[in-house]
Amino acid sequence: MGWGKCNAGPRAVPGAAAAPAAEGRAGTWAAYKGTAKREDRAGGGGSMSAADPNPAAGAVPDSDPHPGRAAVASAYQRFEPRAYLRNNYAPPRGDLSSPDGVGPWKLSCLAQTFATGEVSGHTLIDIGSGPTIYQLLSACTHFEDITMTDFLEVNRRELGLWLREEPGAFDWSMYSQHVCLIEGKGEPWQEKERQLRARVKRVLHIDVHQPQPLGAGSLAPLPADALVSAFCLEAVSPDLASFQRALDHITTLLRPGGHLLLIGALEESWYLAGEARLVVVPMCKEKVVEALVRSGYEVRDLRTYVMPACLQTGVDDVKGIFFAWAQKKVGV
């Protein structure tokens, strides 16, 4: 889902966005509004689901060859985006002022990787965006066509509020300001957000447990030059085998030689999002590397972060976070 449990975020959770700027709405996101109903049929978010004949409706089929996945899909129908944001993007996890905090760590991993210049191209797909956009703030400088995805309609709706600069949208300006600061280019944070809005061309439904995660006939240009996925696969898979299959499935969306930036939880088994208590596959860094290699990647970089006691707030049992930069091998 775009997990975000440990992700830091802005101080005010349901913050109202600033007055809409004409530039942010024009062209790119306007095109999404015209295609939303069609795309909500095909593939989508958090990233997992059962084989649903009408995924946008959130129904779970009567029979499924993988009952564990159906149970996870059912649990996610109680997912509350605002509770999730409140748990993970308000202080203490949302405090970006400490260089040792989880938010600055994640943003630095992303900014430093994109700064190498090796992860670039035309198209990027964010797998299981959830209700968050921070994971794309450094990416938007390097890709002109960005697709965001989520299994849940409520998360796609939350993303739409920010992309359209509508009243009541979550305020990500603290994240945008921090990214501009660490990138050191002197770019105003308002321009950073304008660029991201302009380059997100579509928000689609995704189901990482299907061989075609975006469905047949998706509007996303395929294969993509890069994938980003934050706190998604481990949060929507009932077991390690399902995690591996989901990684295999999203890898089909990436061109040979393309890059995957994967962020996830370490040694976590559950997290809360309102009334929903959601199961997570406990991962360690060795399992992450093994899964990436099995899916045909060369691991270029792997970093880990230990969650300090002050950020263990009772909304999950996470012990740490991993950041992986992997490159899909040619011929895979």
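Above this text is the structure in question.
Cut-offs and rules
- Here the residue numbering is sequential within each chain, running from 1 through the sequence in written order.
- Thresholds applied to this predicted model are a pLDDT of at least 70 for local features of residues and 80 or more for the giving and counting of side-chain atom pairs; totals over whole chains, interfaces and linings are not thresholded and use all residues.
- The side-chain values count all of the structure's non-hydrogen atoms but skip hydrogen atoms and water molecules.
- Going along the chain from the N terminus, every DSSP run of H or I of four or more residues is numbered as a helix, and every run of E of two or more is numbered as a strand.
- Relative accessibility thresholds used throughout: buried, under 20% of the residue-type maximum; exposed, over 50%; partly exposed, between the two (1.4 Å probe, protein chains only).
- Two residues form a contact once any of their heavy atoms are found within 4.5 Å.
- We get accessible surface area from the Shrake-Rupley algorithm with a probe of 1.4 Å; when it comes to residues, only the shown protein chains can shield them.
- Any carboxyl oxygen of Asp or Glu within 4 Å of a side-chain nitrogen of Lys or Arg constitutes a salt bridge here.
- The criterion for strand pairing is that DSSP finds at least two bridges linking the strands in question.
- Structural elements are reduced to axes, namely lines fitted to C-alpha atoms, with helices fitted over the stretch in contact, and the angle between N-to-C directions of any two is expressed from 0 to 180 degrees.
- Angles below 35 degrees are treated as roughly parallel, those above 145 as roughly antiparallel, those between 65 and 115 as roughly perpendicular, and all remaining angles as oblique.
- Following the grouping adopted for this structure description, the nonpolar residues are Ala, Val, Leu, Ile, Met, Phe, Trp, Tyr, Cys and Pro, the charged ones are Asp, Glu, Lys and Arg, and the polar ones are all others, Gly among them.
- Pairs of cysteine sulfur atoms within 2.5 Å are what we label disulfides.
- Aromatic rings from Phe, Tyr and Trp, taking only the six-membered ring of Trp, are treated as a pair when their centres fall within 6.5 Å; an angle between ring planes under 30 degrees marks them as stacked, one over 60 as edge-to-face, and anything in between as tilted.

Visitor: Even after reading the chapter, I still don't get the overall build of the chain, so can you show me in this structure?
Guide: A tally of regular secondary structure across the chain gives 10 helices and 9 strands. Counting over 332 residues, the chain shows a buried share of 59%. For the chain, contacts bridging at least 24 residues in sequence account for 79% of all contacts bridging at least 6. When the accessible area of the chain is evaluated, it comes to approximately 12200 Å², of which 54% is carbon and sulfur surface.

Visitor: When you look at the pattern of salt bridges in this model, what are you seeing that I'm missing?
Guide: Note on pairing: side chains with opposite charge can pair once their charged atoms come close. Tallied over the entire structure, the rule returns 14 salt bridges. Between Glu118 and Arg300 there is a salt bridge; the shortest N-O distance is 2.7 Å. Placement of the pair is Glu118 in the loop between helix H5 (102–115) and strand E1 (123–127) and Arg300 in strand E8 (residues 297–306), with a sequence separation of 182 residues. For Arg300, a relative accessible area of 30% puts it in the partly exposed group. Two residues, Lys192 and Glu187, come together in a salt bridge whose shortest N-O distance is 3.5 Å.

Visitor: Any chance you could explain the pairing of strand E9 (residues 320–328) here in plain terms?
Guide: In the case of a regular strand, side chains alternate between the two sheet surfaces. Extensive coverage of E9 is indicated by the burial of 8 of its 9 residues. Summarising the sheet, strand E5 (residues 254–266) and E9 pair through 8 bridges and their orientation is antiparallel. Each residue of the ladder has a partner; that of Leu260, found in E9, is Ala326. In the sheet, E8 pairs with E9 via 9 bridges, with the strands oriented antiparallel. Each bridged residue has a counterpart across the sheet, and for Thr304 the counterpart in E9 is Phe322.

Visitor: What should I look at first to understand the environment of Met283 in this one?
Guide: Looking at where Met283 falls in the secondary structure, it is placed in the loop between strand E7 (276–279) and helix H10 (285–294). Dropping the residues within four chain positions of it, Met283 is found in contact with Glu234, Leu240, Phe243, Ala265, Leu266, Glu267 and Val288.

Visitor: Where do I start with the packing of helix H7 (residues 173–183) against helix H8 (residues 189–199) in this structure?
Guide: To characterise two packed helices, one gives the angle between the axes of the helices and the distance between these axes. Viewed as axis vectors pointing N to C, H7 and H8 meet at an angle of 105°, and their least axial separation amounts to 8 Å. The angle between the axes of H7 and H8 places the two elements in the roughly perpendicular class. Residue-level inspection shows Ser173, Ser176, Gln177, Val179, Cys180 and Glu183 of H7 in contact with H8, the latter providing Trp189, Lys192 and Glu193. Among the residues forming the contact of H7 with H8, the class breakdown is 3 nonpolar, 3 polar and 3 charged.

Visitor: Would you mind showing me how to read the state of the cysteines here?
Guide: What makes a disulfide is a covalent bond joining the sulfur atoms belonging to two cysteines. By the definition in use, this model includes 0 disulfides. In this structure Cys180 is not part of a disulfide, and its nearest cysteine sulfur, from Cys140, lies 8.7 Å away. A relative accessible area of 8% means that Cys180 is categorised as buried.

Visitor: Explain the packing of aromatic side chains here, please?
Guide: Each pair of aromatic rings is reported with the distance of its centres and the angle of its planes. For the structure on display, the rule yields 14 aromatic pairs. Seen from their ring centres, Phe79 and Tyr84 are 5.1 Å apart, and the 50° between their planes marks the pair as tilted. Across this residue pair, the class does not change: Phe79 and Tyr84 are buried. Centre to centre, the rings of Trp172 and Tyr175 are 5.4 Å apart; their planes meet at 80°, and the pair counts as edge-to-face. No difference in accessibility class separates Trp172 from Tyr175, as the two residues are buried. Of the aromatic side chains, those joined through ring pairs into one cluster are Tyr76, Phe79, Tyr84, Tyr89, Tyr134, Phe170, Trp172, Tyr175 and Tyr271.

Visitor: Could you clarify how one ought to interpret helix H3 (residues 67–76) in this entry?
Guide: Residues three or four positions apart in an α-helix share a direction because the helix packs 3.6 residues into each turn. Three or more residues of H3 are buried, namely Arg69, Ala70, Val72, Ala73, Ala75 and Tyr76. Looking at the buried positions of H3, the neighbouring elements they touch are helix H9 (240–251), strand E6 (270–273) and E7.

Visitor: I keep staring at H7 and nothing clicks. Help me out?
Guide: Among the residues of H7, Ser173, Tyr175, Ser176, His178, Val179, Cys180 and Glu183 are the ones counted as buried. The secondary structure elements touched by the buried residues of H7 are helix H4 (81–89), H5 and H8. Trailing H7 by a residue or two, Gly184 shows a phi angle of about 65°, which is positive.

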